[in-house]
Amino acid sequence: MPRYLVVQAPEDGVRLITLQRPEALNALCTELLAELAAELESAERDPATLAVVLTGSRKAFAAGADIREMAERDLVGILNDPRVAHWQRIASFAKPLIAAVNGFALGGGCELVMCADIVIAGEDARFGQPEINLGIIPGAGGTQRLLRAVGKPLAMQMVLTGDPITARQAQQAGLVSELTQPELAVERALQVAASIARKAPLAVRLAKEALLKAGDTDLATGLRFERHAFTLLAGTVDRDEGIRAFQEKRPAHFLGQ
Ligand code: DAK
């Protein structure tokens, strides 16, 4: 049983993971990160899980790395930091990951948001990379993914000043896909996840992979990947079912084959 996560399956094919470390505003201690990485690996192995929603509390999605734990690490501890492997496992989750964000998403919390594919945020959410205030810089993608997500000027402003931005600014900048009233963020994320869970799983998986390629490769390579993925899907049972269902004017029933 995880100590810092609550895991539920509220919808068909959707797993809801809630970070639960309220005494530290969901600060991402090593144990919490290990639990989250393990839970996502379990979701990836489970054929019945087709999408995952990740959320925190109303006050905080996550207030960053655990600063108390950081204070205990010396240089050797940082070189052998187990969190690096946990972050890599979290960032490489292959199924759709939807973040429902309320309150603070700071430092590692903001970096965790950027590991998600879709971000639904309550209007009171705040996104920031305040590491500079601690004399450090982001360590889990907060310079690389943030610049790709929001562009250079805003990424520079956020990382160099440490000042957070509002949910509305985050949406305008491309960090958030949709804004909701705070109390509706999780519900809306579950709706989006359920909609994805009804699609053809192989197509969803390859679509995610192809879209991520666009962010980290050149156009020719990305187009080549898209063409290969498109061709691969032509041989699936689900493609035949999708086309037949359209012609027969009925909902498609996808099998993941
Ligand atoms: N770590 C540990 N405890 C935290 C925390 C954190 N990040 N954030 C909050 N808390 C604790 C507070 O200490 C307090 O505990 P008690 O004093 O009650 O025992 C409790 O949560 C409530 O916090 P506050 O009393 O401060 O609540 P406020 O509403 O007044 O303020 C706040 C909320 C979010 C503005 C404030 O708590 C705050 O500024 N927190 C720190 C935010 C921050 O600087 N985060 C960035 C940390 S650096 C890496 C990967 C990633 C990273 C590093 C390495 N590798 C792969 C190697 C990431 C680094 C970071 O994220």
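Right above here is the structure, for reference.
As a starting point, this report considers the structure included with it. (Residues numbered from 1 in each chain as written. Predicted model: local features only at pLDDT ≥ 70, side-chain atom pairs only at ≥ 80, totals over all residues. Heavy atoms only, no water.)

## A look at unusual backbone geometry
Across the chain, the bulk of peptide bonds are trans and the bulk of non-glycine residues have phi less than zero.
Line of reasoning, step 1. The phi torsion at L25 lies on the positive side, around 50 degrees, for a residue other than glycine.
Line of reasoning, step 2. Relative to the helices and strands, L25 is located in the loop between β2 (14-19) and α1 (30-45).
Line of reasoning, step 3. The backbone of K249 sits at a positive phi, close to 55 degrees, despite the residue not being glycine.
Line of reasoning, step 4. In this fold, K249 is placed in the segment after α12 (237-247).
Line of reasoning, step 5. What makes K249 exposed here is its relative accessible area of 78%. (Helix = DSSP H or I, 4+ residues; strand = E, 2+ residues; numbered from the N terminus. Buried < 20%, exposed > 50% of the residue type's maximum accessible area, 1.4 Å probe, protein only.)

## Quick look at the side chain of D238
Line of reasoning, step 1. By secondary structure assignment, the location of D238 is in helix α12.
Line of reasoning, step 2. At 9.3 Å, R244 is the nearest oppositely charged side chain to D238, a buried residue that forms no salt bridge.
Line of reasoning, step 3. Only 2.7 Å separates the side chain of D238 from the backbone nitrogen of G256, close enough to count as a polar contact.
Line of reasoning, step 4. Sequence-distant contacts of D238, that is, excluding residues within four places in its chain, are made with A200, P201, F254, L255, G256 and Q257. (Lys, Arg positive; Asp, Glu negative; His and termini not counted. Salt bridge = Lys/Arg side-chain N within 4 Å of Asp/Glu carboxyl O. Polar contact = N/O pair within 3.5 Å; in protein donor to acceptor, adjacent residues only side chain to side chain. Contact = heavy atoms within 4.5 Å.)

## Some words on the packing of aromatic side chains
Line of reasoning, step 1. All told, the structure shown has zero aromatic pairs when counted by the stated rule.
Line of reasoning, step 2. One residue, R21, lies across the ring of Y4, its end atom 5.4 Å from the ring centre.
Line of reasoning, step 3. The ring of F225 carries the charged tip of K213 above its face, separated from the ring centre by 4.9 Å. (Phe/Tyr/Trp six-rings, centres within 6.5 Å; stacked < 30°, edge-to-face > 60°. Lys NZ or Arg CZ within 6 Å of the ring centre and 35° of its normal.)

## What to know about the packing of helix α4 (residues 82-91) against helix α5 (residues 108-115)
Line of reasoning, step 1. Two numbers describe how α4 lies on α5: the axes approach to 9 Å, and their chain directions differ by 30 degrees. In the crossing of α4 with α5, the sense of the turn from one axis to the other is right-handed. Taken together, the residues of α5 that come into contact with α4 (itself represented by W87, I90 and A91) are G108, E111, L112 and C115.
Line of reasoning, step 2. Here the contact of α4 with α5 is built from residues that sort into five nonpolar, one polar and one charged. (Axes fitted to C-alpha atoms, helices over the stretch in contact; angles between N-to-C directions. Left-handed = near helix turned anticlockwise from the far one by under 90°. Nonpolar A, V, L, I, M, F, W, Y, C, P; charged D, E, K, R; others polar.)

## Quick look at the nonpolar core
Line of reasoning, step 1. Within the largest apolar cluster, 45 residues are counted, with the highest numbers of intra-cluster contacts made by F61, V101, L112 and F127.
Line of reasoning, step 2. With six residues, α1 is the largest single contributor of residues to this core.
Line of reasoning, step 3. Residues contacting V101, with those up to four places away along its chain left out, are F61, V113, V119, I120, A121, G122, A125 and F127.
Line of reasoning, step 4. In this structure, I98, I120, L190 and A197 belong to the second largest nonpolar core, which totals 15 residues. (Core = buried A, V, L, I, M, F, W, Y, C linked by side-chain atoms within 4.5 Å.)

## Remarks on the site of the ligand
Line of reasoning, step 1. Near the ligand there are 25 residues, and of these K59, A63, A65, I67 and G108 occur at the shortest range.
Line of reasoning, step 2. Taking K59, its side chain carries an N or O atom lying 2.7 Å from an oxygen atom of the ligand.
Line of reasoning, step 3. Side-chain polar atom of R68 to an oxygen atom of the ligand: 3.1 Å apart, as the coordinates give it.
Line of reasoning, step 4. Protein contacts shield 66% of the accessible area of the ligand, which totals 1100 Å² for the unbound molecule.
Line of reasoning, step 5. Sorting the residues of the shell around the ligand by element identifies α2 (67-71), α4, β6 (104-106) and α5 as the ones contributing at least two each.
Line of reasoning, step 6. Broken down by element, the shell around the ligand gets its largest block of residues, three residues, from α4.
Line of reasoning, step 7. Along the lines of polarity and charge, the residues of the shell around the ligand split into 13 nonpolar, four polar and eight charged. (Near = heavy atom within 4 Å. Areas by Shrake-Rupley, 256 points an atom, 1.4 Å probe, with all protein chains shown as cover.)

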